[in-house]
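Structural overview for review
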Amino acid sequence: MTLLVEKTEPAAVFEEAAPNNLAPWHIRAAAFAIDVLPGVAVVATMALVWLAVPPRSIWWWVSVSILVGAALLTMANRVVFPALVGWSLGRALSGIQVVESNGSQAAAGRLMAREFAHLLDTLSVFVGWLWPLWDPRRRTFADLLLRTEVHWAQQDRRPADIQRSAARVVSAAVLLCVAGAGMSVLAIFLPDRASDETRDAVNAQGPKIVAQLLTYDAKSLKDDFARAQSLTSDKYRPELVKQQESVQKGHPGVNEYWVTDSTVLSATPNQATMLLFMQGHRSGGDQQRFITATVQVSFVKGKNGNWLVDELSVVTKPKPAQGKK
């Protein structure tokens, strides 16, 4: 009696996806761009603001907060959301999903490792990103390493309002980039322009103010001192009054100064510091002396917009001018 043995094919460990179920390269590229570019644009914009604004200022903290938030949301969109709901924003809009080689949903840990593995795709002079164009399973180097693939997803699982959600995310990214540009204008451009205006104003007015502050004549001492006090801030005025009282107790004569050279050391919208090189002469009785001195003066903008001496320090004490006695 002959026994007929029917030959059977060995059962496959898992069912491979049909080639037409694999997402094409251009669809994957579009999904990646939607997932990443909005966040990258916000991070880049805020990084420029962060580097340009004064450290630890309110603008510095705002830019850092937005930068970190955008980076975390971008990573969550690529790693956390797919593990929880099965989609990232770009993949949902494109109708694709990342799965393991056996077709099951990729877990968050594998997706995170896949994102870092994309460094291989980049370090290979972007060859890894182009590898799906000729790989039979359309895999990048990261997919080969983590054993993942990108498949078309069932359309009935696609979120109904995904287009509206994508538009909102892109609009929010655009608004944040515009806000970053606005912060640059408010925190950098306008203060810099105001500082330049301060520098020009102090260059023009500072030497005259200091010369008037230090010049007096015994014949008009009261008026000269009153004028000098009007050129000072509330902070410096008491110190100037003490110096004037000391002069009045002596034998005041003529004390005249003029500025030969000056330079602005620093300037902000409401403050400036200036170094002045001065010459002058003092006379009392039958004696007259020609002198030179160097002073550093801090100016502040008064309530009426006029510049006032806020501090005056002598860098080089008055001494006889060279060639004059």
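Our subject in this report is the structure included herewith.

Conventions used here
Residues numbered from 1 in each chain as written. Predicted model: local features only at pLDDT ≥ 70, side-chain atom pairs only at ≥ 80, totals over all residues. Heavy atoms only, no water. Helix = DSSP H or I, 4+ residues; strand = E, 2+ residues; numbered from the N terminus. Contact = heavy atoms within 4.5 Å. Areas by Shrake-Rupley, 256 points an atom, 1.4 Å probe, with all protein chains shown as cover. Phe/Tyr/Trp six-rings, centres within 6.5 Å; stacked < 30°, edge-to-face > 60°. Buried < 20%, exposed > 50% of the residue type's maximum accessible area, 1.4 Å probe, protein only. Lys NZ or Arg CZ within 6 Å of the ring centre and 35° of its normal. Patch = residues over 30% accessible without salt bridge, like charges linked within 9 Å, V, L, I, M, F, W, Y side chains within 5 Å. Salt bridge = Lys/Arg side-chain N within 4 Å of Asp/Glu carboxyl O. Polar contact = N/O pair within 3.5 Å; in protein donor to acceptor, adjacent residues only side chain to side chain. Core = buried A, V, L, I, M, F, W, Y, C linked by side-chain atoms within 4.5 Å. Axes fitted to C-alpha atoms, helices over the stretch in contact; angles between N-to-C directions. Parallel < 35°, antiparallel > 145°, perpendicular 65-115°, else oblique. Left-handed = near helix turned anticlockwise from the far one by under 90°. Nonpolar A, V, L, I, M, F, W, Y, C, P; charged D, E, K, R; others polar.

Once that is clear, we can look at the overall build of the chain. Counting its secondary structure elements, the chain contains nine helices and seven strands. The contacts in the chain between residues at least 6 apart in sequence include a share of 62% that link residues at least 24 apart. Here the chain displays about 19,700 Å² of accessible surface, and carbon together with sulfur accounts for 60% of that area.

For the rest of this paragraph, the subject is the packing of aromatic side chains. Applying the stated criterion across every chain yields a total of five aromatic pairs. Taken together, a centroid distance of 5.4 Å and an interplanar angle of 75° make the contact between Trp131 and Trp134 edge-to-face. Here the aromatic rings of Trp131 and Phe141 are separated by 5.2 Å at their centres, their planes lie at 55°, and the arrangement is tilted. Taken together, the residues span a long stretch of sequence, with Trp131 in the loop between α5 (127–130) and α6 (141–146) and Phe141 in helix α6 at a distance of 10 residues. Residue Trp131 is classed as partly exposed on the basis of its relative accessible area, which comes to 28%. A network of ring pairs unites the aromatic residues Trp131, Trp134 and Phe141 as a single cluster. A cation over an aromatic ring shows up here: Arg56 above the ring of Trp60, its NZ or CZ 4.6 Å from the ring centre.

It is worth spelling out a nonpolar patch on the surface at this point. Taken together, Trp25, Val125, Phe126, Val127, Leu130, Leu133 and Trp134 make up a surface patch of nonpolar side chains, about 710 Å² in accessible area. Mapped onto the elements of the fold, Phe126 is located in the loop between α4 (108–123) and α5.

Along the chain, the position of Glu149 falls in strand β2 (residues 148–152). Polar contacts involving the side chain of Glu149 include one to the side chain of His151, which spans 2.8 Å.

Here we come to unusual backbone geometry. Backbone geometry places Val125, a non-glycine residue, at a positive phi of 60°. With respect to the element layout, Val125 can be found in the loop between α4 and α5. With phi around 60°, Arg147 is a residue other than glycine that occupies positive phi space. Position of Arg147 relative to the elements: it lies in the loop between α6 and β2. Owing to a relative accessible area of 62%, Arg147 belongs among the exposed residues under this scheme.

Attention shifts here to the nonpolar core. The biggest cluster of nonpolar side chains holds 24 residues, and the ones touching the most others in it are Val297, Phe299 and Val309. Ignoring anything within four residues of it in the chain, the contact list for Val297 reads Val210, Ala272, Thr273, Met274, Leu276, Val309, Glu311 and Leu312. The next biggest cluster of nonpolar side chains, apart from the first, holds 11 residues, and it includes Val42, Val49, Leu67 and Ala70.

We now examine the side chain of Ser88. Checked against the element boundaries, Ser88 lands in the loop between α2 (58–85) and α3 (89–94). For Ser88, a relative accessible area of 2% corresponds to the buried category. A distance of 2.7 Å separates polar atoms of two side chains, one belonging to Ser88 and the other to Asp35. Among the polar contacts listed, one links the side chain of Ser88 to the backbone nitrogen of Arg91, at a separation of 3.3 Å. Discounting chain neighbours no more than four positions away, the residues touching Ser88 are Asp35, Asn77 and Pro82.

On inspection of all chains with the given rule, the structure shows 12 salt bridges. In this structure, a network of salt bridges that share partners links the residues Asp35, Arg78, Arg91 and Glu115.

Relative to each other, α2 and α4 sit at 150°, their axes nearing to 8 Å. Relative to α4, α2 is oriented roughly antiparallel. The hand of the α2/α4 crossing is right-handed. Contacts from Met75, Arg78, Val79, Pro82 and Ala83 in α2 reach Ala108, Leu111, Met112, Arg114, Glu115 and His118 in α4. The class makeup of the residues in the contact of α2 with α4 is seven nonpolar, one polar and three charged.

Remember that the coordinates give geometry; whether it matters functionally is a separate question.
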